[in-house]
Amino acid sequence: MDTSKEHVVGSPATLAVRFRQAMATLCTPVTVVTGMDGDRPHGTTVSAFGSLPMDPTMVTVALDRGSALLAMVRRTRRFGVNVLGSDQSDLALRFARKGTDKFVGVEWHAAEGLPRLTGTQTWLSCDAAELVDGGDHVIALGLVTEIDTVPTSPLTYCARSFGTHLDHEHD
Ligand SMILES: Cc1cc2nc3c(=O)[nH]c(=O)nc-3n(C[C@H](O)[C@H](O)[C@H](O)COP(=O)(O)O)c2cc1C
């Protein structure tokens, strides 16, 4: 019996590739997670954002171990989550870069000492309750201290492109 194909399909490397391909087909929200280093704002585009059960009100964000924002969160134990609206893909691209100048020309203000971008769909400020090992990422568990939301369309990321949600009534 030729088991070579079975072996290749089941090998760890192939599983990782298939996992990445499968996950890329799922729609995620797009956020800019922010922190404040003294009076310098910093932010990073993050699609690995989710909510946990309501009591207590908690969210998760997964940050790459090499992320400058993660280093800031480790120090300050606080972060903000700016959930982007469907017309804000330019901000998603801007904050996906490396560097200390990402806020140049961007409209924002400090909310509870954290950088809040103007015109986002939802704003959350969080205390970092725990930083959990997640392989090449660290999962920050955030205890929500404030939330503000406006009923607009969210920005989504799916199959490596930006879009938004349309409910079935629009079919
Ligand atoms: C659509 C999109 C989603 C992303 N999601 C994440 C994510 O969930 N976690 C993460 O650590 N990086 C994510 N990134 C990559 C970071 O934004 C990028 O590595 C950034 O340069 C990190 O900046 P920093 O080192 O200043 O934190 C995403 C990028 C894009 C374009």
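Numbers given for residues are sequential positions, taken from 1 along each chain in its written order. Totals for whole chains, interfaces and linings use all residues, but because this is a predicted model, local features are given only for residues with pLDDT of at least 70 and pairs of side-chain atoms are given and counted only at 80 or more. Based on all heavy atoms of the structure, the side-chain values leave hydrogens and waters out of the count.

1. Overview of the layout of surface pockets
Here is step 1: Think of a 1 Å grid over just the protein atoms. A cavity is a set of points where a 1.4 Å probe fits yet cannot get out, a pocket is an open set with protein on both sides within 12 Å along at least five of seven lines, and lining residues have an atom within 4 Å of a point. Grid points are joined across faces, edges and corners, and a volume is the space filled by probe spheres set on the points. Here the largest pocket is characterised by a volume of approximately 1,200 Å³.
Here is step 2: In terms of lining residues, the largest pocket is bounded by 35 residues, among which Ser-47, Ala-48, Ala-62, His-137 and Tyr-157 are the most central.
Here is step 3: Of all the elements, helix α2 (residues 12-24) adds the most residues to the lining of the largest pocket, at five residues.
Here is step 4: Ten residue types, Ala, Val, Leu, Ile, Met, Phe, Trp, Tyr, Cys and Pro, are classed as nonpolar, four, Asp, Glu, Lys and Arg, as charged, and the remainder, Gly among them, as polar. Grouping the constituent residues of the lining of the largest pocket by class yields 20 nonpolar, eight polar and seven charged. Numbering of helices and strands runs from the N terminus, with a helix taken as a DSSP run of H or I at least four residues long and a strand as a DSSP run of E at least two residues long.

2. Digging into a nonpolar patch on the surface
Here is step 1: There is a patch of nonpolar side chains on the surface, built from Phe-19, Met-23 and Leu-26 and spanning about 310 Å² of accessible area.
Here is step 2: Only protein chains enter the accessibility calculation, which uses a 1.4 Å probe; a residue whose area is less than 20% of its type maximum is buried, one above 50% is exposed, and one in between is partly exposed. By relative accessible area, Phe-19 is classed as exposed at 53%. Only residues whose relative accessible area exceeds 30% and that form no salt bridge are eligible for patches; like-charged ones are grouped when within 9 Å, while nonpolar side chains (Val, Leu, Ile, Met, Phe, Trp, Tyr) are grouped when within 5 Å. Methods summary: accessible areas were calculated by the Shrake-Rupley approach with a probe of 1.4 Å, and residue burial reflects only the protein chains presented. Just to be clear on terms, a salt bridge is a Lys or Arg side-chain nitrogen sitting within 4 Å of an Asp or Glu carboxyl oxygen.

3. Considering the nonpolar core
The nonpolar side chains of a soluble globular protein tend to be buried with one another.
Here is step 1: Residues enter a nonpolar core if they are buried and are Ala, Val, Leu, Ile, Met, Phe, Trp, Tyr or Cys, with the set joined through side-chain atoms within 4.5 Å. If you look at the biggest cluster of nonpolar residues, it comprises 19 residues, and the most contacted ones within it are Phe-49, Val-61, Leu-63, Phe-79, Val-81 and Leu-124.
Here is step 2: At the level of elements, β5 (58-64), α3 (68-76), β6 (78-83), β9 (122-134) and β10 (137-149) are the ones that each hand at least two residues to this core.
Here is step 3: Per-element tally for this core: the top contributor is α3, with four residues.
Here is step 4: Apart from residues no more than four positions distant in its own chain, Phe-79 is found in contact with Val-33, Thr-34, Val-59, Val-61, Val-73, Leu-114, Leu-124, Ser-125, Cys-126, Ala-128, Ala-140 and Gly-142. Residues count as neighbours in contact if any of their non-hydrogen atoms are within 4.5 Å of one another.

4. A few points about α3
Here is step 1: Three or more residues of α3 are buried, namely Leu-69, Leu-70, Met-72 and Val-73. Buried positions in α3, seen along its axis, are confined to an arc of 160° and lie on one side of it.
Here is step 2: With a side-chain oxygen lying 3.1 Å from the backbone nitrogen of Leu-69, the N-terminal cap of α3 falls on Ser-67. The directions from the helix axis to the C-beta atoms form the arc being described. Think of a polar contact as two N or O atoms within 3.5 Å of one another; within protein, one of them needs to be a possible hydrogen donor and the other a possible acceptor, and neighboring residues in sequence only count if both atoms come from side chains.

5. Section: the sheet that holds strand β1 (residues 28-29)
Here is step 1: The strand order across the open sheet built from three strands is β1-β11-β12, with neighbouring strands paired in antiparallel fashion. Each end of this open sheet is capped by a strand with a single partner; those strands are β1 and β12 (161-163). In this description, strands pair whenever DSSP reports at least two bridges between them.

6. Looking at the site of the ligand
Here is step 1: One heavy atom suffices: a residue is near a molecule or strand as soon as one of its heavy atoms comes within 4 Å of it. Around the ligand lies a shell of 19 residues, among which His-42, Thr-44, Asp-64, Ser-67 and Lys-98 are the nearest.
Here is step 2: Within the side chain of Ser-67, one N or O atom sits 2.8 Å away from an oxygen atom of the ligand.
Here is step 3: Between an oxygen atom of the ligand and a main-chain N or O atom of Arg-97, the distance comes to 3.0 Å.
Here is step 4: Contact with the protein chains hides 83% of the accessible area of the ligand, taken as 650 Å² for the molecule alone.
Here is step 5: Judged by the fraction of its atoms near the pocket grid, the ligand is located in the largest pocket.
Here is step 6: Listing elements by their share of the shell around the ligand, those giving two or more residues are β3 (40-46), β5 and α3.
Here is step 7: With four residues, β3 is the single largest residue contributor to the shell around the ligand. To decide whether a molecule occupies a pocket or cavity, check its atoms: if more than half lie within 2 Å of the grid points, it is inside.

7. Details of the sheet that holds β6
Here is step 1: With respect to topology, seven strands assemble into an open sheet ordered β3-β2-β6-β9-β10-β5-β4, the strand pairing being antiparallel. The sheet is open, and its two borders are formed by β3 and β4 (49-51), each paired with just one other strand. Neighbour-to-neighbour, the strand axes of the sheet open up by a mean angle of 30°, direction not taken into account.
Here is step 2: Two strands pair when backbone bridges link them, and β6 and β9 are joined in this way by six bridges, in the antiparallel orientation. For Phe-79, the partnering residue across the bridge sits in β9 and is Cys-126. Fitted lines through C-alpha atoms give the axes, limited to the stretch in contact for helices. The angle between two N-to-C directions lies from 0 to 180 degrees.

8. A look at the pairing of strand β8 (residues 114-117)
Here is step 1: Judged by which residues are buried, β8 turns out to be covered on both faces: Leu-114 and Arg-116 on one side and Pro-115 and Leu-117 on the other are all buried.
Here is step 2: Summarising the sheet, strand β7 (residues 108-111) and β8 pair through four bridges and their orientation is antiparallel. Counterpart to Ala-110 in the pairing with β8 is Pro-115.
Here is step 3: Where β7 hands over to β8, the hairpin turn is made up of two residues, of which Glu-112 adopts a positive phi near 50°.

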